[in-house]
Amino acid sequence: MTDTLSDSHIHPEGSIDTEVRGHVLLIAINRPNKRNGFTPKMFRELGEAYTRLDDDPTLRVGLLHAKGAHFTAGLDLPSIAPLMRRGEKAVPLGLVDPCDLGIAGYRRRTKPMVVAVQGITYTLGIELMLAADIVVAADDCRFSQLEVKRGIMATGGATLRMAERAGLGNAMLHLLTGDVFDAAEALRLNFVQKVVPAGQALEAALAIAHAIAAQAPLAVVATRLNVLKAVEHGPVVAMHEFIDTQQRLSNSDDAKEGVLSFVEKRDARFTGR
């Protein structure tokens, strides 16, 4: 994993480059000469970047994007297929799983992730954005969950999340045909939250990430996790956390700062404590 977004050197197996801007960790997929097709090296580095986001207390939001004209064409099958045949994962155990599936041995991300997508956004690209929290798409996007065309099944979350976002029929339409659809269709299906002109997706996503980073970090994480609990386990289960969570947050330094900033009519300065 490279701590820069420089184009001066592109590793033949690709890389995941990172850059810190304020409290935001930018995570860049960098293999544009191969349409950002994912190799085992890139999977490992992506897991490391997601883990860094969760473990660094100075970081509050992640922003996943890609170098070049395309987000990702998906898996680099020649390098990934041997792992698939052995039933192995490319992301090492113990790291945060970028697909956030809750598989035993992997951590689940707690902090928010915003994604900016452009151009070709196939297979894994769709699954990474569905695993994130907010997606900004360029209007030149082309999406396809085409695993059935390659004799395999989507196992990064598409079979779980497409139906939850878009309904059973819409999920089956795109999963079983492997067709190509555009940004307008992705917006209709609730796969993305905003569509912007080509070339503006990263800027728009960064504005959202900074807006989230300006809020109280403990409250942001608690809110995100409660929403996910409601989706995955039902509203009644999530509701049972309300009183304990609110009590914990209300006793934080950030809650005190929230009240003080309101009284003093100024922007809050949150510390995450």
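Summary of the structure given here. (Residues numbered from 1 in each chain as written. Predicted model: local features only at pLDDT ≥ 70, side-chain atom pairs only at ≥ 80, totals over all residues. Heavy atoms only, no water.)

### Thoughts on unusual backbone geometry
Reasoning step 1: With a phi close to 55°, Asp 100 is a non-glycine residue in the positive phi region.
Reasoning step 2: Residue placement: Asp 100 occurs in the loop between α2 (77-86) and β4 (113-117).
Reasoning step 3: For Asp 100, a relative accessible area of 2% corresponds to the buried category.
Reasoning step 4: Phi angles above zero are rare outside glycine, and Asn 190 is one such case at about 65°.
Reasoning step 5: Counting through the fold element by element, Asn 190 comes out in the loop between α6 (183-188) and β9 (194-196). (Helix = DSSP H or I, 4+ residues; strand = E, 2+ residues; numbered from the N terminus. Buried < 20%, exposed > 50% of the residue type's maximum accessible area, 1.4 Å probe, protein only.)

### Things to note about the environment of Ala 184
Reasoning step 1: Residue position: Ala 184 is located in helix α6.
Reasoning step 2: Overall, Ala 184 belongs to the exposed group, its relative accessible area being 53%.
Reasoning step 3: In sequence terms Ala 184 and Asp 140 are 44 residues apart; their C-alpha atoms lie 9.8 Å from each other.

### Structural notes on the side chain of Asn 226
Reasoning step 1: With respect to the helices, strands and loops of the structure, Asn 226 is situated in helix α8 (residues 217-233).
Reasoning step 2: You can call Asn 226 buried: its relative accessible area is 17%.
Reasoning step 3: When near neighbours in sequence (up to four residues on either side) are disregarded, Asn 226 contacts Ala 238, Glu 241 and Phe 242. (Contact = heavy atoms within 4.5 Å.)

### Digging into the pairing of strand β3 (residues 61-66)
Reasoning step 1: Where burial is concerned, most of β3 is hidden: six out of the six residues are buried.
Reasoning step 2: Across the two faces of β3 the burial is the same, with Val 61, Leu 63 and His 65 and Gly 62, Leu 64 and Ala 66 all buried.
Reasoning step 3: For the crossover that starts at strand β2 (residues 24-30), traverses helix α1 (residues 40-55) and ends in the parallel β3, the hand is right-handed.
Reasoning step 4: Running through α2, the crossover from β3 to the neighbouring parallel element β4 is right-handed. (Right-handed = clockwise from strand over helix to strand, strands pointing away.)

### Side note on helix α11 (residues 253-263)
Reasoning step 1: All of the buried residues along α11 are Asp 254, Glu 257 and Ser 261. Down the axis of α11, the buried set is contained in an arc of 55°. They therefore lie on one face. Structural note: α11 exposes Lys 256, Val 259, Phe 262 and Val 263 on the side pointing more than 90 degrees away from its buried face.
Reasoning step 2: Taken from the residues just after α11, Lys 265 is the one with a positive phi, measuring 55°. (Arc of directions from axis to C-beta.)

### Considering a nonpolar patch on the surface
Reasoning step 1: A cluster of nonpolar side chains, contributed by Val 236, Met 239, Phe 242 and Ile 243, occupies part of the molecular surface with about 430 Å² of accessible area.
Reasoning step 2: Counting only elements with at least two residues in the nonpolar patch, the list comes to α9 (235-239) and α10 (242-250).
Reasoning step 3: Within the element layout of this structure, Met 239 appears in helix α9.
Reasoning step 4: The class for Met 239 is partly exposed, based on a relative accessible area of 43%. (Patch = residues over 30% accessible without salt bridge, like charges linked within 9 Å, V, L, I, M, F, W, Y side chains within 5 Å. Areas by Shrake-Rupley, 256 points an atom, 1.4 Å probe, with all protein chains shown as cover. Salt bridge = Lys/Arg side-chain N within 4 Å of Asp/Glu carboxyl O.)

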